[in-house]
Amino acid sequence: MCWTLRAFTRYLVYRGSIVDDLAAAVPSVRSWRFGPLPDHLPPPKIQRVLDGCDRTTAIGKRDCAVLLLLARLGLRANEVATLALEDIDWHSGLLTVRGKGRQLAVMPFLSEVGIALADYLQHGRWTTDSRRVFIRSLAPHRGFTSSSSISMIAVSALERAGVDVPRKGTHIFRDSLATQLLGAGASLTEIGQVLRHQNHDTTRLYAKVDINALRKLGLPWPGDTPVGPYILPMCAALPGICAIASRVQRFLQQDSSRVLDEFAPTATPIRKYKHC
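A few points on the structure. Going along each chain's sequence as written, the residues are numbered from 1 onward. Per-residue local features are limited, in this predicted model, to residues with pLDDT of at least 70; the limit for side-chain atom pairs, both in listing and counting, is 80 or more; totals at the level of whole chains, interfaces and linings are taken over all residues. For side-chain calculations, the full set of non-hydrogen atoms in the structure is used, while hydrogens and water are omitted.

Some details on unusual backbone geometry
Keep this limit in mind: The helix and strand labels rest on DSSP assignments: H or I over at least four residues marks a helix, E over at least two residues marks a strand, and numbering proceeds from the N terminus.
Here A139 and P140 are connected by a cis peptide whose omega angle stands at 0 degrees. Looking at where P140 falls in the secondary structure, it is placed in the loop between α5 (111–123) and α6 (148–161). A positive phi angle, near 60 degrees, is found at R196, a position not held by glycine. Here R196 lies in the loop between α8 (188–195) and α9 (200–204).

Structure representation (C-alpha cells):
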C-alpha cells in the first residue's frame, strides 16, 4: 500500500494535478521478523479435541494416537506420517523421529502416548504389509503418502470439538505445547530441545506469549503526562488514511481520467502535509 501511494502521488505530479511531490511524505511500514504471535490453545481445549475421538472405533483409535503425538510430543505432520513400527522402542519408552533435513532424534514418550499407540496397534490397525505405524482406513490399506493426511485428521478433530482457531492444522498443537511448557517455567533452550529447533531464533518467537515475564521488561510512561493526548490524534487520523487508501484502490480499478476529477479538489489541502 505504501508503494502504491507513492506511485500515485508521482502520477499526480506527472499529470499536473498537484505541484509538490508527496511521495516522501508517505511513511514506511516496518516489517518485523517473527512479528505475529503464535496461535495456541489452552490445555482444556486440547483435552476437548482429544476427547472428541471415538476410541471404540479403529479410526478413532488411530486419530487419538495421532493427536497425542502432535499435542504431547510436538511432532510435525510429516514426522507422524513417516513413523515406522521399528521406530518405537517399547522396552525403553523411546521414539525415533525423522525430522527436517533427514535428522534423526530419539525422544521419550509419555505413558499416555504409549497406551494410545498400543491400543491402536493391537485393536485398531488394519492388516497390511506396510511398516508404517499409521495406515489409511480405505483400501488399499497402506501408510500415508504425505503429511496432508495428518493435517486433515487434525482439522477434522478441531472442527468436531467445536474449537475455532484462526489457523487450523497440526502446527497449532506444536505451538500450544511450547506455550504450555513456557508457562510451566521451562526455558527457551529446553523448549527448543523438545521441539528440535536448529535455530534459536525460531524458539525465541514463543517468548512473546509469556505476558507475565514481558511485564517485567516494560518501562513506565515518562513523567505524569497521560497517554490520551498522543493516542487520540492518531486514532482521529485513521479514518482519513483509510479513505485515501480506498480512493486509491478505486483509482486503480476504474478509468484514471474520470477519477482524477474526484481527486482534483483535494489537491490543495494535501499540500498542508508536505513537511509532516
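Details of the packing of helix α3 (residues 58–72) against α5
Filter applied, for reference: The convention used is that axes are lines fitted to C-alpha atoms, helices contributing only their stretch in contact, and that angles between N-to-C directions extend from 0 to 180 degrees. Just so you know how the angles are binned, under 35 degrees is roughly parallel, over 145 roughly antiparallel, 65 to 115 roughly perpendicular, and the rest oblique. The crossing is said to be left-handed when, going from far helix to near helix, the turn is anticlockwise and less than a right angle, and right-handed when the turn is clockwise. We call two residues in contact whenever any of their non-hydrogen atoms come within 4.5 Å of each other. Residues are sorted three ways: Asp, Glu, Lys and Arg are charged, Ala, Val, Leu, Ile, Met, Phe, Trp, Tyr, Cys and Pro are nonpolar, and all the rest, Gly among them, are polar.
Closest axis-to-axis distance for the α3/α5 pair is 9 Å, and the angle between their directions is 155 degrees. Classified by the angle between their axes, α3 and α5 sit roughly antiparallel to one another. The handedness of the crossing between α3 and α5 comes out as left-handed. Contact residues: α3 offers A58, K61, R62, A65, L68, L69 and R72, while α5 offers E112, V113, A116, L117, D119, Y120 and H123. Partitioning the contact of α3 with α5 into residue classes produces eight nonpolar, one polar and five charged.

Quick look at the side chain of H197
Mapped onto the elements of the fold, H197 is located in the loop between α8 and α9. In this structure H197 touches R76, R174, G192, T202, T203 and Y206, once residues within four positions along its chain are discounted.

A closer look at the pattern of salt bridges
Put simply, the rule is: Here a salt bridge means any side-chain nitrogen of Lys or Arg lying within 4 Å of a carboxyl oxygen belonging to Asp or Glu. Partly exposed residues are those whose accessible area sits between 20% and 50% of the maximum for their type, while under 20% is buried and over 50% is exposed, using a 1.4 Å probe and protein chains only.
Counted according to the given criterion, the structure contains 10 salt bridges. Ionic pairing is found between E79 and R196, a salt bridge with its closest N-O pair at 2.7 Å. Placement of E79 in helix α4 (residues 77–81) and of R196 in the loop between α8 and α9 is noted, with a sequence separation of 117 residues between them. Each member of the pair, E79 as well as R196, is classed as buried.

Here we look at the sheet that holds strand β3 (residues 104–108)
Note the threshold: Criterion used throughout: strands pair if DSSP finds at least two bridges between them.
With antiparallel pairing, the three strands of this open sheet are ordered in space as β1-β2-β3. Looking at which strands have only one partner, the edges of the open sheet turn out to be β1 (88–89) and β3. The sheet contact formed by β1 and strand β2 (residues 94–98) spans two bridges and is antiparallel. When the sheet's bridge partners are listed, I88 is paired in β2 with L95.

Concerning the packing of helix α2 (residues 43–51) against α3
Where α2 meets α3, the closest approach of the two axes is 10 Å, and the angle between their N-to-C directions is 165 degrees. Accordingly, the angle class assigned to the pair α2 and α3 is roughly antiparallel. Handedness of the crossing formed by α2 with α3: left-handed. Packed against α2, whose contacting residues are I46, Q47, V49 and L50, the element α3 presents L67, L68, A71 and R72 at the interface. Residue composition of the contact of α2 with α3, grouped by class: six nonpolar, one polar and one charged.

Regarding the nonpolar core
Formally: Joining through side-chain atoms within 4.5 Å is the link that ties buried Ala, Val, Leu, Ile, Met, Phe, Trp, Tyr and Cys residues into a set, and such a set is a nonpolar core.
Counting residues in hydrophobic clusters, the biggest one holds 43 residues, and the most contacted among them are L69, L95, F134 and F173. Broken down by secondary-structure element, the contributors of at least two residues to this core are α2, α3, α4, β2, α5, α6 and α7 (171–183). Sorting elements by how many residues they give to this core places α3 first, with eight residues. Beyond its immediate chain neighbours, meaning those up to four positions away, L69 contacts G74, L75, V80, L83, L95, V113, L117 and F134. Within the second largest apolar cluster, seven residues are counted, among which are L182, I191, L195 and Y206.

Nothing here speaks to function; it is all geometry.
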